[in-house]
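# Structural overview
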Amino acid sequence: VQPFASREFLICRLDPFVGFFRRDGFAHMMTIGGAFLLLGIFVASLYLWVRQSLERTLERDLAVQSTQFQERFLTELEEVRRGIHESVAEEMASFLETTGDLAEIADSSPVPVFRSPGFKEGVPGYRIAIARLANPQGGEFRVSYALREEPYLEPLRQLGIYCAIFYPVTLI
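Here we summarise the structure given alongside this text. A quick note: this is a predicted structure, and the numbers were derived from the prediction, not measured.

As a further point, take the sheet that holds strand β4 (residues 140–148). Across the sheet, four strands lie side by side as β2-β1-β4-β3; this open sheet has antiparallel pairing. Of all the strands in the sheet, just β2 (114–115) and β3 (126–134) have a single pairing partner and so form its edges. In the sheet, strand β1 (residues 102–106) pairs with β2 via two bridges, with the strands oriented antiparallel. What sits directly across from Ile105, in β2, is Phe114. The strands touched by helix α3 (residues 27–81) within the sheet are β1, β2, β3 and β4, with β4 carrying the most contacts at an inclination of about 140°.

Following this line, the structure appears as structure tokens:
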């Protein structure tokens, strides 16, 4: 058995980063380690750039769709008051069917004015925007609009798979 300081482990000979930490090593291993680092920096920055872009798009779309939902609610509420529609719930449900999103409209009463099936605070897979609207008859409405995150996160998942498949191939 050799003394601890003179032992060599297989991983130490094959790991391209050991030479960096020990500040010695074979030139080809240092080159491979440097290539790994540069490629990793490129892939990580690309991933973060795409993620940031998708997050901005998600937040922008959430704001736009939430505003459209609020405007539609106020329009439908006025039409119900004039007797054109029987209830706001039917019209709001048909609006949400086209998007696949969820929403809740509440006033000061314990029972919500409208709640789409499956809506609850903190529902996983959805980003929620909350707004307050003035009720034309006094008081205010609390409008919660939940936008599905999956369509926005799918490209990020695809990029991760792409990098996992082709990152090792670029090193050969």
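Once that is clear, we can look at the layout of surface pockets. Any space left empty among the atoms is revealed by the rolling of a water-sized probe across them. Considering only enclosed or pocket space, the largest pocket measures out at about 240 Å³ in volume. Secondary structure elements with two or more residues in the lining of the largest pocket: α1 (10–14) and α2 (18–22). The element that contributes the greatest number of residues to the lining of the largest pocket is α2, accounting for three residues. Here the lining of the largest pocket is composed, by residue class, of five nonpolar, two polar and five charged.

A separate point is the pairing of β3. Only one face of β3 is covered, namely the one carrying Arg127, Ala129, Ala131 and Leu133; the face carrying Tyr126, Ile128, Ile130, Arg132 and Ala134 has none of its residues buried. In this sheet, β4 lies alongside β3 in antiparallel orientation, the contact comprising nine bridges. Within β4, the residue paired with Ile130 across the bridge is Ser144. Between β3 and β4, which pair antiparallel and follow one another directly, the connecting turn spans five residues, one of which, Gly138, has a positive phi of 105°.

Before going further, it helps to spend a moment on the packing of aromatic side chains. Inspection of every chain in the model, using the stated rule, returns three aromatic pairs. Here the aromatic rings of Phe69 and Phe95 are separated by 5.7 Å at their centres, their planes lie at 45°, and the arrangement is tilted. Placement of Phe69 in helix α3 and of Phe95 in helix α4 (residues 88–99) is noted, with a sequence separation of 26 residues between them. Residues Phe69 and Phe95 agree in their burial class; the two are buried. Between the aromatic rings of Phe73 and Phe141, the centroid separation amounts to 4.9 Å while the plane-to-plane angle is 85°, which identifies the pairing as edge-to-face. Separated by 68 residues along the polypeptide, Phe73 in helix α3 and Phe141 in strand β4 bring together distant segments of the chain. Phe73 gets classed as buried once you look at its relative accessible area, which sits at 0%. Taken together, the ring pairs in this structure connect Phe69, Phe95 and Tyr145 into an aromatic cluster.

Cut-off values and rules
- Residues numbered from 1 in each chain as written.
- Predicted model: local features only at pLDDT ≥ 70, side-chain atom pairs only at ≥ 80, totals over all residues.
- Heavy atoms only, no water.
- Pairing = 2+ DSSP bridges.
- Helix = DSSP H or I, 4+ residues; strand = E, 2+ residues; numbered from the N terminus.
- Contact = heavy atoms within 4.5 Å.
- Axes fitted to C-alpha atoms, helices over the stretch in contact; angles between N-to-C directions.
- 1 Å grid on protein atoms, 1.4 Å probe; cavity = no way out; pocket = protein on both sides within 12 Å on 5 of 7 lines; lining within 4 Å.
- Points joined across faces, edges and corners; volume = space filled by probe spheres on them.
- Nonpolar A, V, L, I, M, F, W, Y, C, P; charged D, E, K, R; others polar.
- Buried < 20%, exposed > 50% of the residue type's maximum accessible area, 1.4 Å probe, protein only.
- Phe/Tyr/Trp six-rings, centres within 6.5 Å; stacked < 30°, edge-to-face > 60°.

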